[in-house]
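Structural features, examined
Listed here are the chains, written in short residue letters.
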Amino acid sequence: MVDFVLTALTFIIPFALVLGLVVTIHELGHFLAAKMFGVAIDRFSIGFGKAIAAWTDRSGVEWRVGWIPLGGYVRFTGDENASSVPDRDDLDAMRETIERREGVEAVSRYFHFKPLWQRAIVVAAGPFANFVLAVALFSSLLLAFGQYVLPARVAVVQPGSAAERAGFLAGDVIVEADGRKIRSFDQIAEIVQVRAEVPTRFVVERAGREVAITATPEWKVREDAVAGKRRQGQLGLVPAQTAKDFVHVRYGPLEALSGGVERTWRTLETTVYYLGRMATGQVSPDQLSGPLGIARISGKVAQAGAAGAPDLGGMILGSGVNLLQLAGFVSVSIGFMNLLPIPVLDGGHLLFYAYEAVTRRPLAARIQAAGYRVGLALLLGLMLFATWNDLQQLRAFKILGGVFS
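Everything quoted here is computed from the prediction, not taken from an experiment. (Residues numbered from 1 in each chain as written. Predicted model: local features only at pLDDT ≥ 70, side-chain atom pairs only at ≥ 80, totals over all residues. Heavy atoms only, no water.)

If you walk through the whole model with that rule in mind, you get 13 salt bridges. The salt bridge partner of arginine 165 is glutamate 218, with a shortest N-O separation of 2.6 Å. Pair noted here: arginine 165 is in helix H4 (residues 162–166) and glutamate 218 is in strand E9 (residues 218–224), with a separation of 53 residues, a long-range link. Of the residues examined, arginine 165 reaches a relative accessible area of 55% and is grouped as exposed. Linking glutamate 190 and arginine 263 is a salt bridge whose minimum nitrogen-to-oxygen distance equals 2.7 Å. Taken together, the positions of glutamate 190 in helix H5 (residues 185–193) and arginine 263 in helix H6 (residues 253–279) put the pair 73 residues apart, joining distant regions of the chain. Here glutamate 190 falls in the partly exposed class, since its relative accessible area comes to 21%. Among the charged side chains, a network of salt bridges with common partners joins Asp178, Arg180, Arg195 and Glu269. (Salt bridge = Lys/Arg side-chain N within 4 Å of Asp/Glu carboxyl O. Helix = DSSP H or I, 4+ residues; strand = E, 2+ residues; numbered from the N terminus. Buried < 20%, exposed > 50% of the residue type's maximum accessible area, 1.4 Å probe, protein only.)

Let us now look at the environment of isoleucine 25. Checked against the element boundaries, isoleucine 25 lands in helix H1 (residues 2–36). C-alpha separation for the pair isoleucine 25 and asparagine 130, spaced 105 residues apart in sequence, amounts to 6.6 Å. Beyond its immediate sequence surroundings of up to four residues, isoleucine 25 is in contact with Ala129 and Leu133. (Contact = heavy atoms within 4.5 Å.)

What follows covers the nonpolar core. Within the largest apolar cluster, 21 residues are counted, with the highest numbers of intra-cluster contacts made by Phe168, Ile174, Ile182, Ile188, Phe202, Leu235 and Leu237. Secondary-structure elements contributing two or more residues to this core are strand E4 (154–157), H4, strand E5 (173–177), H5, strand E7 (200–206) and strand E8 (209–215). At 4 residues, H5 tops the list of elements feeding residues into this core. Leave out the neighbours within four places in its chain, and leucine 237 touches Val154, Val156, Val157, Ala163, Phe168, Ile174 and Phe185. Phe15, Ala34, Val39 and Val123 belong to the second largest nonpolar core, which has 20 residues in total. (Core = buried A, V, L, I, M, F, W, Y, C linked by side-chain atoms within 4.5 Å.)

Helix length check: helix H8 (residues 312–338) (27 residues) gives 38 Å between terminal C-alpha atoms against 39 Å at 1.5 Å per residue, within 8%. When we look at burial in H8, the residues that qualify are Gly318, Ser319, Leu323, Leu326, Ala327, Gly328, Val330, Ser331, Val332, Gly335, Phe336 and Asn338. (Expected span 1.5 Å × (residues − 1).)

On to the packing of helix H3 (residues 116–145) against helix H9 (residues 346–359), then. In a pair of packed helices, the angle between the axes and the distance between the axes together describe the arrangement. At a closest axis distance of 9 Å, the pairing of H3 and H9 adopts a crossing angle of 160°. When the axis of H3 is compared with that of H9, the two are roughly antiparallel. Crossing hand, H3 versus H9: left-handed. Counted together, Leu116, Arg119, Ala120, Val123, Ala124 and Pro127 of H3 and Asp346, His349, Leu350, Tyr353, Glu356 and Ala357 of H9 form the full contact between these two elements. Taken together, the residues of the contact of H3 with H9 break down into 8 nonpolar, 1 polar and 3 charged. (Axes fitted to C-alpha atoms, helices over the stretch in contact; angles between N-to-C directions. Parallel < 35°, antiparallel > 145°, perpendicular 65-115°, else oblique. Left-handed = near helix turned anticlockwise from the far one by under 90°. Nonpolar A, V, L, I, M, F, W, Y, C, P; charged D, E, K, R; others polar.)

Before going further, it helps to examine the sheet that holds strand E6 (residues 180–181). Read across the sheet, 4 strands follow the order E6-E5-E7-E8 without closing on themselves; strand pairing throughout is antiparallel. The sheet is open, and its two edges are formed by E6 and E8, each paired on a single side. On top of the sheet, H5 reaches E5, E6 and E7; it is set at about 45° to E5, its chief contact. (Pairing = 2+ DSSP bridges.)

This part takes up the packing of aromatic side chains. In the structure shown here, the tally under the stated rule is 8 aromatic pairs. With a centroid separation of 4.6 Å and an interplanar angle of 15°, the aromatic rings of phenylalanine 76 and phenylalanine 111 are classed as stacked. Here the residue phenylalanine 76 occupies a position in strand E2 (residues 62–76), and phenylalanine 111 occupies one in the loop between helix H2 (91–102) and H3, the gap between them amounting to 35 residues. Taking relative accessible area as the criterion, phenylalanine 76 reaches 5% and is therefore assigned buried. The ring of tyrosine 353 has arginine 119 lying over it, and the distance from NZ or CZ to the ring centre is 5.3 Å. (Phe/Tyr/Trp six-rings, centres within 6.5 Å; stacked < 30°, edge-to-face > 60°. Lys NZ or Arg CZ within 6 Å of the ring centre and 35° of its normal.)

Turning our eyes to something else, we now look at H5. Every buried residue of H5 is listed here: Phe185, Gln187, Ile188, Ile191 and Val192. Taken down its axis, H5 places every buried residue within 150° of arc, on the same side. (Arc of directions from axis to C-beta.)

This part is about the side chain of threonine 200. Residue placement: threonine 200 occurs in strand E7. Taking relative accessible area as the criterion, threonine 200 reaches 1% and is therefore assigned buried. Reaching out from threonine 200, the side chain makes a polar contact with the backbone oxygen of valine 198 at a distance of 2.9 Å. Those residues in contact with threonine 200, other than ones at most four positions away along the chain, are Asp178, Arg195, Ile213, Thr214, Ala215 and Pro217. (Polar contact = N/O pair within 3.5 Å; in protein donor to acceptor, adjacent residues only side chain to side chain.)

Attention now goes to the environment of serine 59. Residue placement: serine 59 occurs in the loop between strand E1 (41–56) and E2. For serine 59, a relative accessible area of 48% translates into the label partly exposed. Considered as a pair, serine 59 and aspartate 42 are 17 residues apart in the sequence and their alpha carbons are 9.4 Å apart. Among the polar contacts listed, one links the side chain of serine 59 to the side chain of aspartate 57, at a separation of 2.8 Å.

On to a nonpolar patch on the surface, then. A contiguous nonpolar patch, built from Ile52, Trp55, Val65 and Trp67 and spanning about 470 Å² of accessible area, is present on the exposed surface. Of all the secondary-structure elements, those providing two or more residues to the nonpolar patch are E1 and E2. Within the secondary structure, tryptophan 67 is located in strand E2. Given the relative accessible area of 53%, tryptophan 67 is considered exposed. (Patch = residues over 30% accessible without salt bridge, like charges linked within 9 Å, V, L, I, M, F, W, Y side chains within 5 Å. Areas by Shrake-Rupley, 256 points an atom, 1.4 Å probe, with all protein chains shown as cover.)

This next bit is on the pairing of E8. Bridging between E7 and E8 involves 7 bridges; their strand directions are antiparallel. For threonine 200, the partnering residue across the bridge sits in E8 and is alanine 215. Counted between consecutive antiparallel strands, the loop separating E7 from E8 contains 2 residues, among which alanine 207 sits at a positive phi close to 55°.

Below is the structure:
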């Protein structure tokens, strides 16, 4: 039982830190944008369900932490629910009620009566804050610690592999892949992993000249110490990986910022491409992860960062750096997912606003509410499916001390 508790804490604490940071910044994006436009706010919540901590500030905003740490919300004054669906079909009737209860001047403080462009900015500010967080985290880590880069030089071409059939040779230096300039072998892995069965153009330097090669990565199941079993694309290229092969690159402030923006963009690009292949049936959805998957990866990442540290301080620093890096990746994913045009997500609200911009009138509240229910059902279904995938990984790793054996 003691081992079970310790193991659970090993994963729960890193998970809470990563998801808590990402969700808090997302909701602060909404909150600060709303404050900028003078929107009246009732509540800022991290987590759902019954509050385990709550307090009210001088402006009357209730700040709370819910016991279900799977998201958060900002509730504007007059909202019927956390998704900002109007509480009446007829906004004119809502206006009359506000005027009668609080006076004419009070109407301008309500979110639903703000100009359309202001409402759109408030909604989009959450995902935008996630992208800003990712840039800030990646840039800060580059500025503080630099980066160890493994040049994209091929040491070994595995016999019988896709790389061998395509014509790669030991000693090749890959300078371009899928139209993108390559500076490290990690970039090759990022591109290849999501492009299984997709012919991909590479350019290599060989004997002083550039040679174009088209190779098609193959599906392979790879056992990763952090991510678990992953079915992904592989070419069969092995880089030189001795200590002398790694190059430590230092970054100044502007270079670190540029590197953070580039890393955020690459992460977003890879996420969009992979989900696009999944949506079209080219990739199995069994790689989707939910909260349990994030918790497992958070714990593994923290453990990997602490491994080999000579003292407690080094362990905390290593774990912290790894978790901040992971938070950057998770923040990009959450920012993008929230922009999907699904009612209940920020992208769904933006879709409703696009309708309002075209028709000059808001979508009927009953239709928004129906869309909210459909969107919520879809999200719950995806979460259940992702959780099932996570449980399969947990069974494979036996993380919970035989609970799933």
